[in-house]
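# Reading the structure
Here are the chains, one letter per residue:
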Amino acid sequence: MSETLGRAQALALLQEWTKGESLRKHGMAVSVCTEAYGVLEAARLGLSGAEAAEFVDMYACAGLLHDMDYERHPSLTEHPFVGVKYLREAGWPETVLHAILAHADYSGTLRESHLDKALFACDELAGFLTACTLVKPSKSILEVEVAGVKKKMKDKAFARAVLRGDITGGAELLGLSVEEHVRNCLNAMQARAEELGLLGSPPA
Ligand SMILES: [Fe+2]
């Protein structure tokens, strides 16, 4: 990705297009999770140095930008198409745009690349992990555990808007068990809890 189109610009675009705190935080949480998969995939591909950094940056940007247009254009005919059109005109890489299109089931764009799959897999799970955090008295993601997350996934009354099938289907797309996928994303979000506003007040 060029120097003028990286995660700083993606974050600025997210903030320009999205005023709501929870949707901003959602973009950031998904970005942290997809970035973690970018790091794993870069290592698997044997990338290093600037090449690896650029590869990982694409994952982070796709996460930040995937719902960028949702606040202004939430309808199925506009989201994520309006955002992608804007980003294409601004010169963002097609790899990122393809993943943003493919995260929406109804877009007609298939999930083909590893980034496509990672973005889809992280979208619902990041939201679910946030919900699991906010019901803790401490509101700290540091207190969330994989087993507890899996248990809550079976509780249909909990965070009912989160599509469990997208989480399990996403893990499958990545060739991972649900447990591995939850662990990867939870570790990634815990490592950046403060930035995501999910540090809460963990007991000392
Ligand atoms: Fe999303």
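Up top is the structure these notes are about.
So, here's what we can say about the structure. From a predicted model like this one, the values you see are computed outputs, not experimental measurements. (Residues numbered from 1 in each chain as written. Predicted model: local features only at pLDDT ≥ 70, side-chain atom pairs only at ≥ 80, totals over all residues.)

## Quick notes on the overall build of the protein
Summing up its helical and strand segments, the protein has nine helices and zero strands in all. Mapped in sequence order, the helices and strands of the protein form the string α-α-α-α-α-α-α-α-α. Its C-alpha radius of gyration of 16 Å places the protein within 12% of the 17 Å reference for a compact globule of 204 residues. The burial tally for the protein puts 42% of its 204 residues in the buried class. Across the protein, contacts joining residues at least 24 apart in sequence account for 67% of those joining residues at least 6 apart. (Helix = DSSP H or I, 4+ residues; strand = E, 2+ residues; numbered from the N terminus. Rg over C-alpha atoms; globule rule 2.2 N^0.38 Å. Buried ≥ 20, exposed ≤ 12 C-beta atoms within 10 Å, placed from the backbone. Contact = placed C-beta atoms within 7 Å.)

## Some details on the environment of serine 201
Tracing the backbone through its elements, the reader meets serine 201 in the segment after α9 (178-191). Look at serine 201 and you get exposed, because 9 C-beta atoms sit within 10 Å. Taking the C-alpha atoms as reference points, serine 201 and serine 140, separated by 61 residues in sequence, lie 6.0 Å from one another. Filtering out sequence-adjacent residues up to four positions away, serine 201 remains in contact with Ser138 and Ser140.

## Considering unusual backbone geometry
Here the residue pair histidine 79 and proline 80 is connected by a cis peptide bond, since its omega of 5° sits within 30 degrees of zero. Mapped onto the fold, proline 80 is located in the loop between α3 (49-65) and α4 (81-89). The phi dihedral of lysine 139 is positive, around 50°, even though this residue is not glycine. The phi angle at alanine 159 is positive, at roughly 40°, despite the residue not being glycine. Within the element layout of this structure, alanine 159 appears in the loop between α7 (146-154) and α8 (164-173).

## A look at the environment of leucine 176
Tracing the chain through its elements places leucine 176 in the loop between α8 and α9. A residue is classified by how many C-beta atoms lie within 10 Å of it, and leucine 176, with 16 of them, is partly exposed. The spatial distance from the C-alpha of leucine 176 to the C-alpha of glutamate 112 is 16 Å, given a sequence separation of 64 residues. Sequence-distant contacts of leucine 176, defined by excluding residues within four places in its chain, comprise Ala171 and His181.

## A look at helix α6 (residues 114-134)
In this model, α6 (21 residues) spans 30 Å end to end at C-alpha, consistent with the 30 Å of a helix rising 1.5 Å per residue. The sharpest bend along α6 measures roughly 30° and falls at cysteine 122. (Expected span 1.5 Å × (residues − 1). Bend = angle between axes of the 7 residues up to and from the residue.)

## Brief notes about the nonpolar core
Core analysis: the largest hydrophobic core is formed by 53 residues, its most contacted members being Cys33, Ala62, Leu65, Leu125, Leu129, Cys185 and Met189. At the level of elements, α1 (7-17), α2 (21-44), α3, α4, α5 (94-102), α6, α8 and α9 are the ones that each hand at least two residues to this core. The element contributing the most residues to this core is α6, with 11 residues. In contact with leucine 65, not counting residues within four places along its chain, are Ala10, Leu13, Leu14, Gly83, Leu87, Val96 and Ile100. (Core = buried A, V, L, I, M, F, W, Y, C linked by C-beta atoms within 7 Å.)

## Side note on α3
Helix length check: α3 (17 residues) gives 24 Å between terminal C-alpha atoms against 24 Å at 1.5 Å per residue, within 8%. Listed as buried for α3 are Val56, Met58, Tyr59, Ala60, Cys61, Ala62, Gly63, Leu64 and Leu65. Buried residues along α3 sit against α1, α2, α4, α5 and α6.

## A closer look at the environment of alanine 147
Position of alanine 147 relative to the elements: it lies in helix α7. Using a count of 10 C-beta atoms within 10 Å as the deciding quantity, one classes alanine 147 as exposed. Residues alanine 147 and glutamate 179, 32 residues apart in the sequence, show an inter-C-alpha distance of 8.2 Å.

## Looking at the packing of α7 against α9
With their axes 10 Å apart at the nearest point, α7 and α9 run at an angle of 120° to one another. If you check the angle between α7 and α9, you find them oblique. The interaxial crossing formed by α7 with α9 has right-handed handedness. Across the interface between the two elements, Val146, Val149 and Lys150 from α7 touch Val178, Glu179, Val182, Arg183 and Leu186 from α9. Tallied by class, the residues present in the contact of α7 with α9 amount to five nonpolar, no polar and three charged. (Axes fitted to C-alpha atoms, helices over the stretch in contact; angles between N-to-C directions. Parallel < 35°, antiparallel > 145°, perpendicular 65-115°, else oblique. Left-handed = near helix turned anticlockwise from the far one by under 90°. Nonpolar A, V, L, I, M, F, W, Y, C, P; charged D, E, K, R; others polar.)

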